[in-house]
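# Summary of the model geometry
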Amino acid sequence: MAFDKKRKHSGEQAQAKRSQSKGGPKRQKTQNTEKHFVPVDELPWQTVEVPEMFDDAEGFYGLEEIQGVDVVREGDVVKFVAAVPKGKAGKKKDDKKAEDQKMEDNEDEFEGFDDTPEEESTPVETKAGDQKKEPKTKKDAKDQKKEPKEAKKDGKKDAKKQKKPAPQPTEDPELESNLFTSLDTLPDIEPEEDVDTSEWAPLELSPDLVAAIGNLRFGKPTPIQARAIPEIINGHDVIGKASTGSGKTLAFGIPIVEKWLAKQAEGKEDEKKHPIAMILSPTRELAHQISDHLKKLCDGLTESPYICSVTGGLAIQKQLRQLEKADIIIGTPGRLWEVISTEIAVMNSIRQIDFLVVDEADRLLKDGQFKEAEDIIKALDRTRPGEEAEEDSDSDEEPTPKHNRQTLVFSATFNKALQQKLAGKARYNLMGEAESLEHLLKKLNFREAKPKFIDANPVSQMADKLKEGLIHCGDLEKDLYLYAVLLLQPTRRALVFTNAINTVRRLTPFLQNLGLPAISLHSDMEQKARLRSLEKFKADPPKNANPGSSVQAPILVATDVAARGLDIPNVDLVIHYHVPRSADDYVHRSGRTARATQSGVSIMLCGPKEDIPTQRLITKVHASTAASSGKPKKDLLGVQTIDIDRRLVSHLKPRVTLSKKITETTIAKEKGAKEDDWLKNAAEELGIELDEDEFEKVGSWKGKGSGKKQQEKQARAVGKQEVQKWRWELKELLKRRVNTGVSERYLNGVDVEGLLRGVRSEFLGQVEGLGL
Ligand SMILES: Nc1ncnc2c1ncn2[C@@H]1O[C@H](COP(=O)(O)OP(=O)(O)OP(=O)(O)O)[C@@H](O)[C@H]1O
């Protein structure tokens with residue numbers, strides 16, 4: 001069933017509307033005030049309540065303030081634009097009217113009101129995070145109620161006059177995370193830079209939404225958006241597959257917002273509000289990013305839905321309050337289930353959603369989140385009191401879904417066999433169904449017997465502008481090669497993936513000791529620390545913060561918690577310190593670079609033991625590309641072997657060895673101190689007194705891992721002074737020239753670029769081949 005047909009229009013219309021709404025001195029109109037040029041002596045100054053402590057202050061007779069006044073320069077003349085209570089404007093002097101008229105006549109000459117924060121000389125209450133103004137008086141309320149009908153009569157005109165809402169605040173200021181989306185990097189739009197949105201016309205979106213998309217400067221839909229949006233708007237369930245960074249979030253986000261706008265236009269104000277969509281995300285970071293991404297889109301609308309994210313690590317009560325007023329909910333399954341399962345009213349309200357979205361669906365199965373996702377879906381489908389179950393217990397057939405929601409499932413990777421089956425090409429039953437994605441899809445209880453399967457990238461799974469490389473090295477040389485690659489790419493924002501939290505814990509200080517700005521991210525960190533790490537990583541490297549060092553771009557060392565969906569701007573380099581556990585993980589990790597229209601490089605560090613799994617992984621990822629080209633596979637696997645100049649690497653060895661020793665000793669000491677505390681506490685609780693020998697005995701154990709324990713013990717025994725000495729030695733080494741065998745140049749010094757030019761014969765020749 002199609003929705004919003006009444007609101008059809010062409011992209012050109014939206015373009016025209018947008019130019020009008022952005023170009024000229026729009027008279028902003030809110031419920032109680034309008035914007036006008038105001039003579040300087042009529043500006044609405046307001047007396048400031050001076051705190052009592054200043055009552056006796058001599059000469060402090062009065063302080064006045066003014067808010068929300070725009071200063072407009074017209075040639076040499078400076079004018080002021082301010083919000084004036086409705087109606088009052090008409091009573092202004094004649095020249096004021098002329099002024100206003102002039103403002104309207106000159107609509108194309110002045111740009112500037114759209115981003116003005118909501119300012120009122122008579123402030124009105126705002127629902128937290130809601131752009132709709134609460135009426136202050138009954139009359140205002142009536143006026144406000146009238147507005148949708150008037151808007152329907154003359155939608156375009158009203159939309160033009162309506163004030164653009166202030167951006168939605170994030171739910172928690174600490175999460176004020178424009179962290180996640182590369183939209184943040186977009187510069188402010190000048191009127192002449194208006195984006196031509198005519199390529200969105202075939203999607204028949206409402207003018208307001210096309211204008212909001214134009215605000216994001218997205219001139220045309222990506223392939224997955226072009227194919228998925230119409231199917232979703234036409235009411236279909238959709239399973240969408242498209243490569244990483246190809247705009248899947250808006251492929252489901254745009255139709256959701258479109259439907260919300262359609263519902264607003266229907267104006268069923270008396271109906272009890274319920275959320276329109278629930279989006280399940282596998283990680284907290286991704287949930288916040290989706291939320292931010294949708295908010296950015298909605299910032300360009302005249303009226304926006306209330307979007308909230310519900311993830312672990314943040315206060316439940318606060319999230320519950322936000323859920324009560326939410327239009328679009330984004331959350332991780334675990335926390336969502338925790339919050340909604342206990343609140344019947346919220347649960348009942350969520351049952352009426354129009355869309356259930358499962359982002360990164362295949363990951364849900366892996367992360368043990370499936371149980372909660374399943375619980376949520378079951379709870380959504382459970383009949384409410386007063387409703388009759390339609391299930392026919394005698395029938396073998398799947399029960400007809402009672403719900404009316406559309407289900408949308410998106411990922412860059414889906415199990416191959418399942419893909420074939422969905423595309424109608426497989427005649428066999430899937431193996432291991434209970435654990436397959438098909439099982440999840442069944443549980444999702446689609447509304448349609450056969451959801452639309454859209455594969456926007458059937459041939460290659462990898463992003464178009466991604467280049468892939470492989471470095472073979474010894475198991476114990478990975479740190480060395482990691483350092484070499486990072487050092488040789490000083491200006492590249494790099495993301496280093498490992499398979500273990502402990503490796504993140506070790507590599508971060510290891511790189512920091514070497515003077516590199518490394519930051520950690522793993523699931524064992526506090527939520528706020530995780531968000532802070534992302535924020536730091538996203539921040540621009542300080543310009544010339546460390547003169548003499550070219551290595552300034554931040555480096556994020558992370559587990560696979562950062563592999564899915566994160567849209568961090570300008571990540572140029574992904575390094576797989578450990579070869580990923582699966583081909584899909586490789587696709588997602590590598591997909592953190594080369595997003596949207598950008599290019600990027602992904603390099604795997606491959607130890608001898610990882611050789612075979614790596615070959616398998618590459619074959620799996622690139623086999624279809626090779627097959628479709630008809631050329632021999634080995635020529636086309638697309639992953640280039642990089643031979644790093646051994647001489648260069650050997651020159652780096654002494655610093656790497658020192659940094660490793662310092663790192664491992666420090667970690668062992670910290671760990672030892674924690675274990676000692678634990679043992680002492682346990683002994684204390686049991687009322688046992690341990691003498692030194694017993695303490696040693698309990699703390700050491702034989703068996704698996706005892707070799708490592710022994711090493712740790714030795715590391716703990718290293719004295720403070722020894723560590724200080726290593727630090728000093730390392731510092732000296734970092735200052736010193738590295739003889740590359742070609743010429744003497746600084747490695748960690750200003751002349752890195754020169755060094756790179758000097759050793760281009762082997763290493764750089766290859767790396768340049770990758771576009772580095
Ligand atoms: N139509 C468009 N034109 C240009 N850029 C777009 C368009 N739509 C989305 N983008 C941008 O593309 C980037 C990637 O989008 P998004 O995060 O939705 O990718 P994705 O396909 O979900 O990736 P992943 O599989 O890694 O989750 C974002 O920065 C987004 O702002």
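Residues numbered from 1 in each chain as written. Predicted model: local features only at pLDDT ≥ 70, side-chain atom pairs only at ≥ 80, totals over all residues. Heavy atoms only, no water.

### Details of the nonpolar core
The nonpolar side chains of a soluble globular protein tend to be buried, and buried together. What counts is decided by this rule: What is meant by a nonpolar core is a set of buried Ala, Val, Leu, Ile, Met, Phe, Trp, Tyr and Cys residues, joined one to another through side-chain atoms within 4.5 Å. Here's how the labels work: a residue is buried when its accessible area is under 20% of the maximum for its type, exposed when over 50%, partly exposed in between, all with a 1.4 Å probe on protein chains only. The helix count covers DSSP runs of H or I at least four residues long, the strand count covers runs of E at least two residues long, and both are numbered beginning at the N terminus. Throughout, a residue-residue contact means that at least one pair of heavy atoms, one from each residue, lies within 4.5 Å.
Counting residues in hydrophobic clusters, the biggest one holds 42 residues, and the most contacted among them are Leu205 and Ile328. Of all the secondary structure elements, the ones that give two or more residues to this core are α5 (207-215), α6 (223-233), α7 (248-266), β7 (277-280), α8 (284-299), β9 (328-331), β10 (355-359) and β11 (406-411). Looking at this core element by element, the count peaks at eight residues for α7. Ile328 has contacts with Ile256, Val257, Ile276, Ala277, Ile279, Leu294, Pro305, Tyr306, Ile307 and Cys308, leaving out every residue within four places of it along the chain.

### A word on the UniProt feature "domain: DEAD-box RNA helicase Q" (unreviewed entry) in the chain
Using the following cut-off: UniProt positions are given in the numbering used here, feature names are shortened, and annotations may be inferred rather than shown by experiment.
Mapped onto this structure's residue numbering, the UniProt feature "domain: DEAD-box RNA helicase Q" (unreviewed entry) falls at residues 198-226. Its end C-alpha atoms 13 Å apart, residues 198-226 is made of 45% helix and 0% strand.

### Brief notes about the packing of aromatic side chains
Condition: Classification of ring pairs rests on two measures: the distance between centres of Phe, Tyr or Trp rings, Trp counted by its six-membered ring, which must be within 6.5 Å, and the angle between planes, read as stacked under 30 degrees, edge-to-face over 60 and tilted in between. Only Lys NZ and Arg CZ are tested; either one counts as a charge over a ring when it is within 6 Å of the ring centre and within 35 degrees of the ring normal.
Taken as a whole and judged by the stated rule, the model has one aromatic pair. Pairing Phe252 with Phe410 gives two aromatic rings, centres 5.5 Å apart and planes at 50°, and the pair type is tilted. Here the residue Phe252 occupies a position in helix α7, and Phe410 occupies one in strand β11, the gap between them amounting to 158 residues. Using a relative accessible area of 0% as the deciding quantity, one classes Phe252 as buried. Seen from the ring of Tyr577, Lys478 lies directly overhead, with NZ or CZ sitting 5.7 Å from the centre.

### Some thoughts on the pattern of salt bridges
Where charged atoms of side chains with opposite charge meet at close range, the side chains can pair. Note the following rule: Any Lys or Arg side-chain nitrogen found within 4 Å of a carboxyl oxygen on Asp or Glu counts as a salt bridge.
For the structure shown, the criterion picks out 18 salt bridges. Lys259 is paired through a salt bridge with Asp354; the nearest N and O atoms lie 3.9 Å apart. Of this pair, Lys259 sits in helix α7 while Asp354 sits in the loop between α11 (344-350) and β10; the two residues are 95 residues apart in sequence, bridging distant segments of the chain. Accessibility assignment for this pair places Lys259 and Asp354 in one class, buried. As a salt-bridge pair, Arg335 and Glu338 come within 3.3 Å of each other at their nearest N and O atoms. In this pair, Arg335 and Glu338 are both assigned in helix α10 (residues 333-340), three residues apart and thus about one turn of the helix distant.

### A look at the side chain of Asp327
Where we set the bar: Any N or O atom pair separated by 3.5 Å or less is treated as a polar contact, with the protein-specific requirement of one donor-capable and one acceptor-capable atom, and with residues adjacent in sequence counted only for side-chain atom pairs.
Tracing the chain through its elements places Asp327 in the loop between α9 (316-324) and β9. Among the polar contacts made by the side chain of Asp327, one reaches the side chain of Lys273 at a distance of 3.2 Å. At 2.7 Å, the side chain of Asp327 forms a polar contact with the backbone nitrogen of Tyr306. Every residue in contact with Asp327, bar those within four places of it in the chain, is listed here: Trp260, Lys273, Pro275, Ile276, Ala277, Pro305 and Tyr306.

### Examining α7
Here is the rule we go by: In this analysis, the expected span of each helix is defined as 1.5 Å times one less than the number of residues it contains.
If you check α7, its first and last C-alpha atoms are 28 Å apart, about what 19 residues at 1.5 Å a residue would give, namely 27 Å. Burial within α7 is extensive, with 15 of its 19 residues counted as buried. Phi for Gly267, located one or two positions after α7, is positive at around 65°.

### Thoughts on the sheet that holds strand β6 (residues 238-241)
Our working definition: Two strands qualify as a pair provided that DSSP identifies no fewer than 2 bridges between them. To obtain an axis, a line is fitted to C-alpha atoms, over the contacting stretch when the element is a helix, and the angle between two such axes runs from 0 to 180 degrees between their N-to-C directions.
Read from one edge to the other, the open sheet built from seven strands follows the order β8-β9-β7-β10-β11-β6-β12, with strand pairing classed as parallel. The sheet is open, and its two edges are formed by β8 (307-310) and β12 (452-455), each paired on a single side. Sheet twist, expressed as the mean angle between neighbouring strand axes with direction ignored, is 15°. Two elements, β6 and β12, share four bridges in a ladder whose sense is parallel. Residue pairing across strands places Val238 opposite Lys452, the latter belonging to β12. α7 rests against β7, β9, β10 and β11 of the sheet, and its axis sits at about 170° to β10. Each of β8 and β9 touches α9; the most contacted strand, β8, lies at about 145° to it.

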